[in-house]
Amino acid sequence: MISIPEPCPLCNGSVKLVIPLELPDIFIPKNGPERATMLAWRHHAGIGYISPRPRCQVCNEKGTLVDEPPGEYPPPPRNTKIELSPDQQKAIDEVLEWMASKQKRKSLGGYAGTGKTTIISYLLRTMKGLDVQVCAPTGKAAAVLRTKGVDACTVHKLVYQPQSTCFVHGRVQGRKPPSGKGKPVCTECGRPVRTKWVRVPIISADLVIVDESSMVNETMMTDLESLVRKILYVGDHGQVEPIGRDPGIMRDPDIRLEQIHRQAAHSGIIQLAHHMRRGSHPKKWGAGEKSDARVAVVSKLVPRMLSQFNVILCGYNKTRKDVNSAVRKFRGFKDSLPEVGERIICLQNDSDLGIYNGLLVRVMHRHDSYERPKYDLVDEVGNEYFEISVDPDQFEAEKKLDYCPKGIGLFDFGYCLTVHKAQGSEWDKVAVIEQIARSWDPARWRYTAATRAAKQLEYWIPQGRM
């Protein structure tokens, strides 16, 4: 239950109105005093809730709804400074109406710079009385949301939970060792525990919001929808399809945001991305002298030049392999296997290990005293993975190995990634090597590649074979 700090109009201000959190069957006539029964309740303090009509604790009479035209909903608390454009307000109106319905799923698509994160932030403030969980397919995407003030986790962490087993005491609650570093230990005896990730029976949140939904494949969608009550997919409907079978979430979203906001419109990265999304060739784009995006025709890739960027994106696995080798050599890594401090990427899901395809991690420690090399890893949001066995044959291989037993991680170096693998992530400084297969949509590939950059983008068009 939630108490609204507002007096009951029928009791002369003697009690507070109380809103139950349960969402019963609803009926929303178009007109009359009962209009918008389950829509937002607005009171003078300016706090909005999605709820049934409130009742007084004393007289049990329903509170009166503010009589305003359809489409106008409560603002967030006064201490926020969220200003909505007309298309954002319209999108929020549609989401709130959907929350009052029995429909389980809704999709909201928006191009880069249209304010999708603003929508998520506004909804979180408006739905203060509900349990709303925000997640994203990758750790990088979740980390980006956190920097923008949205508490988010990965889809994997929402769907799976760690289960620790001690050799002596069986299933226990694992904890960090006294040193604060290393593999979790048993709370009873202090011995290291084996941690396995198991699927949760249900996600109890009233609403789950999935950001970067353009990279949600059919398997991930099925897992999520089997566990949630309501789910809102938010993504960019201009990007490439997800890896794996495409469920078509962003093929034709229910709600669309296509107005580029003033702040984003001044970004050279956004300008170039939308130039290419509309089908224009990057060579035909003219950038200003101080633009944060640059298009260049290159005939050779120099390792020193490659090492200036957080990540290099390309189209083909052969290029990815060659660039990774060049960057590692320039940075002084000589071993054929990853060394401490290197960035690697997971290529295959393994729920027992808690790792998934596309997971980017850094090496904290390498264990060489095993038959297979094992690594302690940390991802982009601080989650730690201890003693992960890896297949050494996968590193610097052009293609993914056909077979890998359960409990063995498939990883490769992560300095250069294909655009499909990079989808859902964002870095400050990005270089893109244009390589587009005939079967791909050039506009979608270029747009997806360009929108991976947050502060600086170098878009390179190869001149002949490099």
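Scroll up a little and you will see the structure.
In this report, the structure presented in the accompanying data block is examined. If you're wondering where the values come from, they're calculated on a predicted model, not measured in any experiment. (Residues numbered from 1 in each chain as written. Predicted model: local features only at pLDDT ≥ 70, side-chain atom pairs only at ≥ 80, totals over all residues. Heavy atoms only, no water.)

Backbone-to-backbone hydrogen bonds join strands into a sheet, with any given pair of strands oriented parallel or antiparallel. Pairing in this open sheet of 5 strands is antiparallel, and the strands run β22-β21-β20-β19-β23 from one edge to the other. The outermost strands of the open sheet, each flanked by one partner alone, are β22 (384–389) and β23 (411–413). Strand-to-strand twist of the sheet, defined as the mean angle between neighbouring strand axes without regard to direction, takes the value 40°. In this sheet, strand β20 (residues 360–367) lies alongside strand β19 (residues 343–346) in antiparallel orientation, the contact comprising 3 bridges. Within the sheet, the bridge partner assigned to Ile 344 lies in β20 and is Val 361. (Pairing = 2+ DSSP bridges. Helix = DSSP H or I, 4+ residues; strand = E, 2+ residues; numbered from the N terminus. Axes fitted to C-alpha atoms, helices over the stretch in contact; angles between N-to-C directions.)

This part takes up the pattern of salt bridges. Counted by the stated rule, this structure contains 19 salt bridges. With a shortest N-O distance of 3.9 Å, Lys 455 and Asp 428 are connected by a salt bridge. On the criterion of sequence distance, the pair formed by Lys 455 in strand β26 (residues 453–462) and Asp 428 in strand β25 (residues 427–433) is long-range, its members being 27 residues apart. Exposure remark for Asp 428: the relative accessible area of 37% places this residue in the partly exposed category. Overlapping salt bridges, with partners in common, bring together Asp 252, Arg 256 and Glu 258 in one network. (Salt bridge = Lys/Arg side-chain N within 4 Å of Asp/Glu carboxyl O. Buried < 20%, exposed > 50% of the residue type's maximum accessible area, 1.4 Å probe, protein only.)

Counted according to the given criterion, the structure contains 4 aromatic pairs. Taken together, a centroid distance of 6.1 Å and an interplanar angle of 45° make the contact between Tyr 316 and Trp 440 tilted. With Tyr 316 in the loop between β18 (311–314) and α9 (317–330) and Trp 440 in the loop between β25 and α11 (442–450), the pair connects residues that are 124 residues apart, well separated along the chain. Owing to a relative accessible area of 35%, Tyr 316 belongs among the partly exposed residues under this scheme. Relative to Phe 413, the ring of Phe 395 has its centre 5.2 Å away and its plane inclined at 50°; by these criteria the two rings are tilted. Of the two residues, Phe 395 sits in the loop between β22 and β23 while Phe 413 sits in strand β23, which places them 18 residues apart along the sequence. (Phe/Tyr/Trp six-rings, centres within 6.5 Å; stacked < 30°, edge-to-face > 60°.)

The next thing to look at is the sheet that holds strand β15 (residues 231–235). Taken in spatial order, the 6 strands of this open sheet run β8-β7-β14-β15-β6-β16, and their pairing is parallel. Only two strands of the sheet have a single partner each, and these edge strands are β8 (152–154) and β16 (255–257). Between one strand and the next, the sheet's axes are offset by a mean angle of 25°, whatever the strand orientation. Here strand β14 (residues 207–210) runs beside β15; their pairing, made up of 3 bridges, is parallel. For Val 208, the partnering residue across the bridge sits in β15 and is Ile 231. In the packing of helix α1 (residues 86–99) onto the sheet, contacts are made with β6 (105–110), β14, β15 and β16, and the angle to β16 comes to roughly 160°. (Contact = heavy atoms within 4.5 Å.)

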